Amino acid sequence: MKSNMVNERARLYHNINVIGFVIVDMIEYLDTHPYDKEAIEYLNHYLALKHQAMAEYAEKYGPLSIGNVPDTDCNEWKWATQPMPWEGGF
Amino acid sequence: MWNYEKRLQFPVNITQPNAKIAQVIMSQYGGPDGELGASMRYLSQRYTMPYPEVAGLLTDIGTEELAHLEMVSAIVYQLTKNLSMEEIEASGFAPYYTDHTLGIYPQSAGGIPFNAGAFQSKGDAITDLTEDLAAEQKARTTYDNILRLVKDNEVAEPIRFLRAREIVHFQRFGEGLRLIQDKLDAKNFYAFNPEFDRCKC
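So, a few notes on the structure that sits alongside this text.

Definitions and limits used
Residues numbered from 1 in each chain as written. Chains lettered and ligands numbered in written order. Predicted model: local features only at pLDDT ≥ 70, side-chain atom pairs only at ≥ 80, totals over all residues. Heavy atoms only, no water. Helix = DSSP H or I, 4+ residues; strand = E, 2+ residues; numbered from the N terminus. Expected span 1.5 Å × (residues − 1). Polar contact = N/O pair within 3.5 Å; in protein donor to acceptor, adjacent residues only side chain to side chain. Contact = heavy atoms within 4.5 Å. Buried area = accessible area lost by both parts, 1.4 Å probe. Salt bridge = Lys/Arg side-chain N within 4 Å of Asp/Glu carboxyl O. Axes fitted to C-alpha atoms, helices over the stretch in contact; angles between N-to-C directions. Parallel < 35°, antiparallel > 145°, perpendicular 65-115°, else oblique. Left-handed = near helix turned anticlockwise from the far one by under 90°. Nonpolar A, V, L, I, M, F, W, Y, C, P; charged D, E, K, R; others polar. Core = buried A, V, L, I, M, F, W, Y, C linked by side-chain atoms within 4.5 Å. Buried < 20%, exposed > 50% of the residue type's maximum accessible area, 1.4 Å probe, protein only.

**Details of helix 8 (residues 153-182) of chain B**
Each full turn of the α-helix corresponds to 3.6 residues, which orients residues three or four apart in the same direction.
1) Next: Its 30 residues give helix 8 of chain B an end-to-end C-alpha distance of 44 Å, which sits within 8% of 44 Å, the value for a rise of 1.5 Å per residue.
2) Next: Two to three positions downstream of the cap, the backbone nitrogen of B:Glu154 sits 2.9 Å from a side-chain oxygen, assigning the N-cap of helix 8 of chain B to B:Asp152.

Take a look at the structure:
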C-alpha cells in the first residue's frame, strides 16, 4: 500500500517534469516563430495539463510552486517542510 | 521577476559518491563555459536588445540556464555528500575541501573561481548573438569531454540531457541571429548598430 502511494507520487512528479520540459522547449521555439499557430495550440494544450498536474500534486503531496498552495491546508506550511529537489526527491 | 518551481528540470538521483568526477563536473557550474556564465550572459545582454523576439529568447534561455545551474549543483552536491576524510584525501578533493568544506561553490575544474570575464555583453546585436552561438558550442564540447570521463550512468543521464539542450539553444540563437539580420541592411549588416545608432529611416 505504502509503495503504491510512493509510485503514484513518483508518476505524477514525472508527468510534471515531462510536461514542464515540453513547455520550456515550446516557449523558446515560439520566441523565434511567434506566428506558428499549430505550435501555439500545442503549447496551450500542455499549459493546461501542467496547471492541472501541479494543482493535483499540491493537493496530494504539497506545492511545487507558490501559485499552487492549497488554501484548504492551514496546519502545515508544506512549501517549507517538504524536501528540496536536490535531496533525492522524486 | 522569477518564480521558483521546487523541482529539477531533469531528475538527479546519484547513489554513488565520487569526488573525482565532482571536481570536473563543477566546471559546468562556475567554469568558463558553465551554466552560471551562460545564464548571466543572456540575462545581461537582453536589456539593450531592440527586437522583442530576441530579448524574449535571451530571457527564456537565460532562465532555463538557471535551471541547468541548479542541476549541475545538485550533481556536484550528490557526488560529494557524506564523503569521509579518507575519501576526500584519496580522491584529490582536499584542496576544494580546505576552501569550501562540502559547500557548493562556482569554480572551474582547475579551481579558478567564477569570473564574469568569461562572457560578454557587448551592446551590439550581431556580436552578442555570435558570442551566444559560440557559447552553446563551448558548453557542448565541455559536456562531451565530461561524458568521456563519466562511467556512472546515474551521472551521465542528466549530463546527456544538458548536452542536448546546448544543441537546441544553438539552433534557437541561429534563428535569433537570422531575425536580426532580416531587419538590417542586407547589403551591409554592419551599416549601423541597432542597439546604439539611431536608424535614419
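And the narrative resumes.
**A closer look at the interface of chain A and chain B**
Accessible area lost upon the coming together of the parts is a frequently used measure of interface size.
1) Next: With 29 residues of chain A at the contact, the number on the chain B side is 28 residues.
2) Next: When residues of chain A are sorted by the area they lose upon contact with chain B, A:Glu28, A:Thr32 and A:Trp86 head the list and together hold 27% of the total.
3) Next: At the boundary of chain A with chain B, the tally comes to four salt bridges.
4) Next: With its nearest N and O atoms 3.1 Å apart, the salt bridge here joins A:Glu28 to B:Arg165.
5) Next: Elements with a contribution of two residues or more to the side of chain A that touches chain B: helix 1 (2-32), helix 2 (37-61) and helix 3 (78-81) of chain A.
6) Next: Element by element, the count of residues in the side of chain A that touches chain B is highest for helix 1 of chain A, at twelve residues.

**Comments concerning the packing of helix 3 (residues 35-45) of chain B against helix 4 (residues 52-80) of chain B**
Residues and elements named next belong to chain B.
1) Next: It is at 8 Å that the axes of helix 3 and helix 4 come closest, and there the two elements cross at 160 degrees. Overall, the two elements helix 3 and helix 4 adopt an arrangement that is roughly antiparallel. Here helix 3 runs over helix 4; the crossing is left-handed. Facing helix 3, whose interface residues are Glu-35, Leu-36, Ala-38, Ser-39, Met-40, Tyr-42, Leu-43 and Gln-45, helix 4 presents Leu-58, Thr-59, Ile-61, Gly-62, Thr-63, Glu-65, Leu-66, His-68, Leu-69 and Val-72.
2) Next: Considered class by class, the residues forming the contact of helix 3 with helix 4 number ten nonpolar, six polar and two charged.

**Brief notes about the nonpolar core**
Residues and elements named next belong to chain B.
1) Next: Ranked by size, the top nonpolar core spans 29 residues in total, and within it Ile-25, Ile-75, Leu-79, Phe-93, Val-150, Val-155 and Ile-159 carry the most contacts.
2) Next: For this core, the elements supplying multiple residues, two or more each, are helix 1 (19-25), helix 4, helix 7 (125-149) and helix 8.
3) Next: Counting 20 residues, the second-largest nonpolar core is a separate cluster that includes Leu-129, Leu-133, Ile-180 and Phe-192.

**Description of the packing of helix 3 of chain B against helix 7 of chain B**
Residues and elements named next belong to chain B.
1) Next: For the pair helix 3 and helix 7, the least separation of the axes is 11 Å and the interaxial angle reads 165 degrees. Classified by the interaxial angle, the pair formed by helix 3 and helix 7 is roughly antiparallel. The handedness of the crossing between helix 3 and helix 7 is left-handed. Judged by residue contacts, Glu-35, Arg-41, Tyr-42 and Gln-45 of helix 3 engage Asp-128, Glu-131, Asp-132, Ala-135, Glu-136 and Tyr-143 from helix 7.
2) Next: Here the contact of helix 3 with helix 7 is built from residues that sort into three nonpolar, one polar and six charged.

**Brief notes about unusual backbone geometry**
All names here are of chain B.
1) Next: With phi around 60 degrees, Asn-82 is a residue other than glycine that occupies positive phi space.
2) Next: Inspection of the secondary structure puts Asn-82 in the loop between helix 4 and helix 5 (85-90).
3) Next: The exposed category is assigned to Asn-82, whose relative accessible area is 67%.

**Focus on the pattern of salt bridges**
1) Next: Taken as a whole and judged by the stated rule, the model has 16 salt bridges over all chains.
2) Next: B:Lys81 is the salt-bridge partner of A:Glu87, the closest N and O atoms lying 3.2 Å from each other. Of this pair, A:Glu87 sits in the segment after helix 3 while B:Lys81 sits in the loop between helix 4 and helix 5, each in a different chain.
3) Next: A residue is classified by how much of its surface remains accessible, and A:Glu87, at 36% relative accessible area, is partly exposed.
4) Next: Here B:Arg7 and B:Glu5 are joined by a salt bridge, their closest N and O atoms 2.7 Å apart.
5) Next: Classification of B:Arg7 as buried rests on a relative accessible area of 11%.
6) Next: Through salt bridges with shared partners, one network takes in A:Glu8, A:Arg11, A:Glu56 and A:Lys60.

**Focus: the side chain of B:Glu53**
1) Next: As for its placement among the helices and strands, B:Glu53 is situated in helix 4.
2) Next: If we skip the residues at most four places from it in the chain, B:Glu53 touches A:Asp31, A:Pro34, B:Leu179 and B:Lys183.

**Observations regarding helix 4 of chain B**
Residues and elements named next belong to chain B.
1) Next: With 29 residues, helix 4 ought to run about 42 Å at 1.5 Å a step, and its terminal C-alpha atoms sit 42 Å apart, in line with that.
2) Next: When you tally the buried positions in helix 4, you get 23 out of 29 residues, the bulk of the element.
3) Next: Directly after helix 4, the chain includes Asn-82, whose backbone phi takes a positive value near 60 degrees.

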